[in-house]
Amino acid sequence: MSLNVGNIQATSGMTKEIYEALYNLLSPPMKKMKPEDFEKVKEGWQKLAYSIAKGVVEHIKSNAEVKGVEITIGSQTYTQTNKSKIE
């Protein structure tokens, strides 16, 4: 499992996904703002998205336990039986 926080510019990873959701939800009523003011708002959303993504990823990495994973290769199924934390 890959948990990618992304970057503070919101151009990659979970940060990008969160930023895009914020932008799509919150930007329509702000389209009449001055462009320079709207840029400041977007910078705030980028920082907020990064903070949320960082907190979520760090929490999952510190607390997640993987159980009961199964994989089938050909006709053979393999099942994970031990607990393991995500590193």
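Refer to the structure printed above.
Residues numbered from 1 in each chain as written. Predicted model: local features only at pLDDT ≥ 70, side-chain atom pairs only at ≥ 80, totals over all residues. Heavy atoms only, no water.

Chemist: I tried to follow helix 1 (residues 13–26) on my own but got confused; where do I start?
Modeler: Given 3.6 residues to a turn, an α-helix orients residues that are three or four positions apart in the same direction. Taking 1.5 Å of rise per residue, the 14 residues of helix 1 would be expected to cover 20 Å, and the 20 Å separating its terminal C-alpha atoms lies within 8% of that figure. On the buried face of helix 1, the contacting elements are helix 2 (35–63). (Helix = DSSP H or I, 4+ residues; strand = E, 2+ residues; numbered from the N terminus. Expected span 1.5 Å × (residues − 1). Contact = heavy atoms within 4.5 Å.)

Chemist: It is not clear to me how unusual backbone geometry should be interpreted in this structure. Could you clarify?
Modeler: A negative phi angle characterises most non-glycine residues, just as the trans form characterises most peptide bonds. One non-glycine residue, Ala10, adopts positive backbone phi at about 60°. Structurally, Ala10 can be placed in the segment before helix 1.

Chemist: How do you make sense of the packing of aromatic side chains when you look at a structure like this?
Modeler: Aromatic rings considered in pairs are described by the distance between their centres and by the relative angle of their planes. A full pass over the atoms with the stated rule returns four aromatic pairs. Measuring from centroid to centroid gives 6.2 Å for Phe38 and Trp45, while their planes differ by 90°, and the two rings are edge-to-face. The exposure class of Phe38 is buried, given its relative accessible area of 9%. Among the aromatic side chains, those forming a connected cluster through ring pairs are Tyr19, Tyr23, Phe38 and Trp45. (Phe/Tyr/Trp six-rings, centres within 6.5 Å; stacked < 30°, edge-to-face > 60°. Buried < 20%, exposed > 50% of the residue type's maximum accessible area, 1.4 Å probe, protein only.)

Chemist: Which parts of the structure should I look at to understand the pattern of salt bridges?
Modeler: Evaluation of the coordinates by the stated rule reveals two salt bridges. Among the ionic pairs, Lys42 bridges to Glu39, the shortest N-O distance being 2.9 Å. One end of the pair is Lys42 and the other is Glu39, both in helix 2 and three residues apart, which spans about a single turn. Classification of Lys42 as buried rests on a relative accessible area of 17%. For Glu39, a relative accessible area of 38% corresponds to the partly exposed category. With its nearest N and O atoms 2.5 Å apart, the salt bridge here joins Glu58 to Lys54. Here Glu58 and its partner Lys54 are both found in helix 2, four residues apart, which amounts to about one turn of the helix. Under the relative-accessibility criterion, Glu58 is labelled partly exposed at 42%. (Salt bridge = Lys/Arg side-chain N within 4 Å of Asp/Glu carboxyl O.)

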